[in-house]
Amino acid sequence: MNIAFYQSIILTLSLSLSLSGTGSANTGNLLLNSGFEDGLYHWVATGNAALKINSPELRAYEGSVYIYGSATPTFTVSQDVELEPQGVSIAEIDKGTLRVHFGGWQAGYYTQKDNGTISIHFIDSNNIEIKSSSLPSFYSNMTWVKQSGVSTIPPQTRFIRFQFLGIRREGSGDDGYLDAAFLRIIREPSLSVKGIGLGALELSYSGFLYESDDLITWRIIADQPVSPYRFFPTQAKQFFQAK
């Protein structure tokens, strides 16, 4: 058995998975009413946050509704997500190895520079903020653009607050638009290696992609001391996205 060959496979897979943006326990989107189709239900709003419904100027990214500010210099919408009820244990939170993938689709009104900023805030059991993470302020000319980021969840976090801040730069309305917001908890992917007899080696992977809620699994069987080796992706499209 060519150990160096197998070690090179493991190293290549490890690097590929690390760079691909995968996590084995993606919780799915934890934000409720994330596209504002039920109005501001589940959201805490300030500063005259309002809804664009079936707007002929700019259609919603998904559904028929998105958020903006009506005749206000600033507005916010926020939502608190408690982690433990989502199947994330206090013990694993306090290890400091979990991450959160967050963002949404943003747009603006023609060339006006009203902008919006997505941020998350890590809150402990005493309702004290431990740290926060923000995406860059953004505006666009009537075009939906996805904004997203990843941040490590610090120990002692019990809630994550997702917030969108809209700031008016021109005109009377606050046209920092947000639709299809999301917040997901992610862990490291699962990668296992085992011998299956006659000098053959099986490498198995199971994980989720950041950009979807789809589970992907695949196997590599290396049955020769040199290539070729055989791929068995269960979902070819997701496999190649992960690569």
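So, here's what we can say about the structure. (Residues numbered from 1 in each chain as written. Predicted model: local features only at pLDDT ≥ 70, side-chain atom pairs only at ≥ 80, totals over all residues. Heavy atoms only, no water.)

## Notes on the pattern of salt bridges
One pass over the structure, following the stated rule, counts 2 salt bridges. For R161, the salt bridge is made with D80, and the minimal N-O distance between the two is 2.6 Å. Of this pair, R161 sits in strand 10 (residues 159-167) while D80 sits in strand 5 (residues 74-82), placing them 81 residues apart in sequence. What makes D80 partly exposed here is its relative accessible area of 40%. Residues D94 and R158 are paired through a salt bridge, measuring 3.1 Å at the closest nitrogen-oxygen approach. Residue D94 is located in helix 2 (residues 90-95), and its partner R158 is located in the loop between strand 9 (145-152) and strand 10; the two are separated by 64 residues in the primary sequence. Here D94 falls in the partly exposed class, since its relative accessible area comes to 26%. On the accessibility criterion, R158 (15% relative accessible area) is buried. (Salt bridge = Lys/Arg side-chain N within 4 Å of Asp/Glu carboxyl O. Helix = DSSP H or I, 4+ residues; strand = E, 2+ residues; numbered from the N terminus. Buried < 20%, exposed > 50% of the residue type's maximum accessible area, 1.4 Å probe, protein only.)

## Comments concerning the sheet that holds strand 2 (residues 44-46)
Taken together, the 5 strands give an open sheet; going across it, the order is 2-5-10-7-8, and neighbouring strands pair in antiparallel fashion. Sheet topology places strand 2 and strand 8 (129-134) at the edges, where each strand pairs with a single neighbour. The mean angle between the axes of side-by-side strands here comes to 20°, regardless of whether they run parallel or antiparallel. (Pairing = 2+ DSSP bridges. Axes fitted to C-alpha atoms, helices over the stretch in contact; angles between N-to-C directions.)

## Quick notes on the environment of Q86
The residue Q86 is located in the loop between strand 5 and helix 2 in this model. The class of Q86 is partly exposed, set by a relative accessible area of 38%. When residues no more than four places from it in sequence are discounted, the contact partners of Q86 are T27, L30 and V81. (Contact = heavy atoms within 4.5 Å.)

## Regarding the side chain of T72
Checked against the element boundaries, T72 lands in the loop between strand 4 (65-69) and strand 5. Engagement of the side chain of T72 in a polar contact is seen with the backbone oxygen of G47, the distance being 2.8 Å. In contact with T72, not counting residues within four places along its chain, are G47, N48, R168, S172, G173 and D174. (Polar contact = N/O pair within 3.5 Å; in protein donor to acceptor, adjacent residues only side chain to side chain.)

## Concerning the pairing of strand 10
Residue alternation in strand 10 divides its side chains into a buried set, I160, F162, F164 and G166, and an unburied set, F159, R161, Q163, L165 and I167. Bridge count between strand 5 and strand 10: 9 bridges; the pairing is antiparallel. Its bridge partner lying in strand 10, F75 is registered against G166.

## A word on the sheet that holds strand 3 (residues 49-53)
Taken in spatial order, the 5 strands of this open sheet run 3-4-11-6-9, and their pairing is antiparallel. Whereas interior strands pair on both sides, the edge strands pair on one side only; in this sheet they are strand 3 and strand 9. Strand-to-strand twist across the sheet, computed as the mean angle between neighbouring axes with direction ignored, equals 35°. Sheet topology note: the strand 4/strand 11 (residues 174-186) ladder contains 2 bridges and is antiparallel. Following the sheet pairing, G69 is matched in strand 11 by D174.

## Let's talk about the pairing of strand 4
Most of strand 4 is tucked away, with 5 of its 5 residues classed as buried. Neither face of strand 4 is exposed, since V65, I67 and G69 on one face and Y66 and Y68 on the opposite face are all buried. Alignment of strand 3 against strand 4, held across 5 bridges, turns out to be antiparallel. Residue pairing across strands places K52 opposite Y66, the latter belonging to strand 4.

## Things to note about the packing of aromatic side chains
Under the counting rule described, the total for this entry stands at 7 aromatic pairs. Ring geometry for Y61 against W105: centres 3.9 Å apart, planes inclined by 10°, an arrangement best described as stacked. Note that Y61 is positioned in the loop between strand 3 and strand 4 and W105 in strand 6 (residues 99-107), a separation of 44 residues in sequence. Using a relative accessible area of 19% as the deciding quantity, one classes W105 as buried. An aromatic cluster is built from F36, W43 and F162, whose rings are joined through pairwise contacts. Positioned over the ring face of Y68 is K52, at 4.6 Å from the centre of the ring. (Phe/Tyr/Trp six-rings, centres within 6.5 Å; stacked < 30°, edge-to-face > 60°. Lys NZ or Arg CZ within 6 Å of the ring centre and 35° of its normal.)

## Things to note about the nonpolar core
Ranked by size, the top nonpolar core spans 28 residues in total, and within it V100, I153, I160, F162, L183 and I185 carry the most contacts. Counting residues per element, the ones that place at least two in this core are strand 4, strand 5, strand 6, strand 7 (115-123), strand 10 and strand 11. Of all the elements, strand 11 adds the most residues to this core, at 4 residues. Excluding residues that lie within four positions of it along the chain, I160 makes contacts with Q79, D80, V81, L83, V100, I120, H121, F122, I153, L183 and I185. A50, A60, M142 and Y177 belong to the second largest nonpolar core, which has 11 residues in total. (Core = buried A, V, L, I, M, F, W, Y, C linked by side-chain atoms within 4.5 Å.)

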